[in-house]
Every structure is written in structure tokens, then in C-alpha cells.
Amino acid sequence: MARVSYRSSDIDLMARMMRAEAEGEGKQGMLYVGNVIVNRVVADCPDFRTLTNIEQVIFQVQGGNFSFEAVQKGNVFYQRARESERRLARQNVQNWREHPAKYSLWYFNPTGPCPPTWYDQPFTGQFKEHCFYEPKPGTCDSVYRG
């Protein structure tokens, strides 16, 4: 059973986002980005409570900017998703989860080492250039379910 409901257009959009954000980090890096996208759909916590599907997550605006850099800069649509990225996106929605992004709701690519917190959220680990962060204990328990 899938973690979130989705349409084929969601898979395509998610695959394009995964590629735009983490193509240089290979399949594993793209899976971690996809993990964060699905976690945000599932999360019932303040930053993500109104998001109910993949498209809303990808085009979410926070603080006057899109949440994902690829959307801010416009390169999320730089190329169509390939079937290999679509397969990865389907893996994510079908329940693929792995550390350090297993429960992560945020990631970023710093210019230096990963800070121990990011906007007061604890660091969970790093994969290549991306640092991953999950919610503080007791602030978004829904991300730890299903």
C-alpha cells in the first residue's frame, strides 16, 4: 500500500524534482529527496498541515519563496523526467524510507559542514552534499508513522 495517494502526473513532477535537486548525488540521493517530499505529504505539523498531495508539497511557498530551490530557480522543469527517475519516485510513494532521510522534513546543501541544527531542527545525517533534518521530538509525530 502506498504511503500517499498519487496520480501519474505526481510521479512525473516528483521525479523531475528529485532529478533537479539531486541528480549529481545519484539514485540514492534522489531517493532521499523523494523521501522528504513524501514525508511532507504525510506530516501533520504546522509547516506542512495544509499540504495533502505531492504537487502542493513541490509548489509550497514559505516566507515568500518556494520551499525547494529547484522551483525557486526554475530548473525543476529543465528536462523531462526519465523513466529511471519515475521508478525512484514510485519507490518513494510505495514506502521506501531510509536513514538519514527516513523521517526528515528538510534538507539543504551547505557551503561548509552540516550544522547540528537547521532552524532549530536536529541533524539526522548527511549524504554526499545534502544535510538532512527531522522534526524535534514531540513536534510532528505523524512523520514517524506509516
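This text follows the structure it describes.
Residues numbered from 1 in each chain as written. Predicted model: local features only at pLDDT ≥ 70, side-chain atom pairs only at ≥ 80, totals over all residues. Heavy atoms only, no water.

1. Quick word on the overall build of the chain
Okay, so step 1: Looking only at helices and strands, the chain has five helices and six strands in total.
Okay, so step 2: Mapped in sequence order, the helices and strands of the chain form the string α-α-α-β-β-α-α-β-β-β-β.
Okay, so step 3: Relative to a compact globule of 146 residues, whose C-alpha radius of gyration would be 15 Å, the chain shows 14 Å and is just as compact.
Okay, so step 4: The principal-axis extents of the C-alpha atoms in the chain amount to approximately 35 × 35 × 30 Å.
Okay, so step 5: Taking all 146 residues of the chain together, the buried fraction comes to 48%.
Okay, so step 6: The contacts in the chain between residues at least 6 apart in sequence include a share of 65% that link residues at least 24 apart.
Okay, so step 7: Within the structure as shown, the chain displays about 7500 Å² of accessible surface, and the carbon and sulfur contribution to it stands at 49%.
Okay, so step 8: When the 18 positive and 16 negative side-chain charges of the chain are each reduced to one mean point, those points stand 5 Å apart. (Helix = DSSP H or I, 4+ residues; strand = E, 2+ residues; numbered from the N terminus. Rg over C-alpha atoms; globule rule 2.2 N^0.38 Å. Buried < 20%, exposed > 50% of the residue type's maximum accessible area, 1.4 Å probe, protein only. Contact = heavy atoms within 4.5 Å. Areas by Shrake-Rupley, 256 points an atom, 1.4 Å probe, with all protein chains shown as cover. Lys, Arg positive; Asp, Glu negative; His and termini not counted. Charge placed at Lys NZ, Arg CZ, Asp CG, Glu CD.)

2. Focus on the environment of F59
Okay, so step 1: Relative to the helices and strands, F59 is located in the loop between α3 (54-58) and β1 (61-62).
Okay, so step 2: Relative accessible area serves as the criterion here: at 28%, F59 is assigned to the partly exposed category.

3. A few points about the sheet that holds strand β4 (residues 117-118)
Okay, so step 1: The strand order across the open sheet formed by four strands is β3-β6-β5-β4, and the pairing between neighbours is antiparallel. The strands lining the two open edges of the sheet, one partner per strand, are β3 (106-108) and β4.
Okay, so step 2: Both strand β5 (residues 121-127) and strand β6 (residues 130-133) contribute to a ladder of four bridges, which runs antiparallel. Across the sheet, Q126 pairs through a bridge with C131, a residue of β6. (Pairing = 2+ DSSP bridges.)

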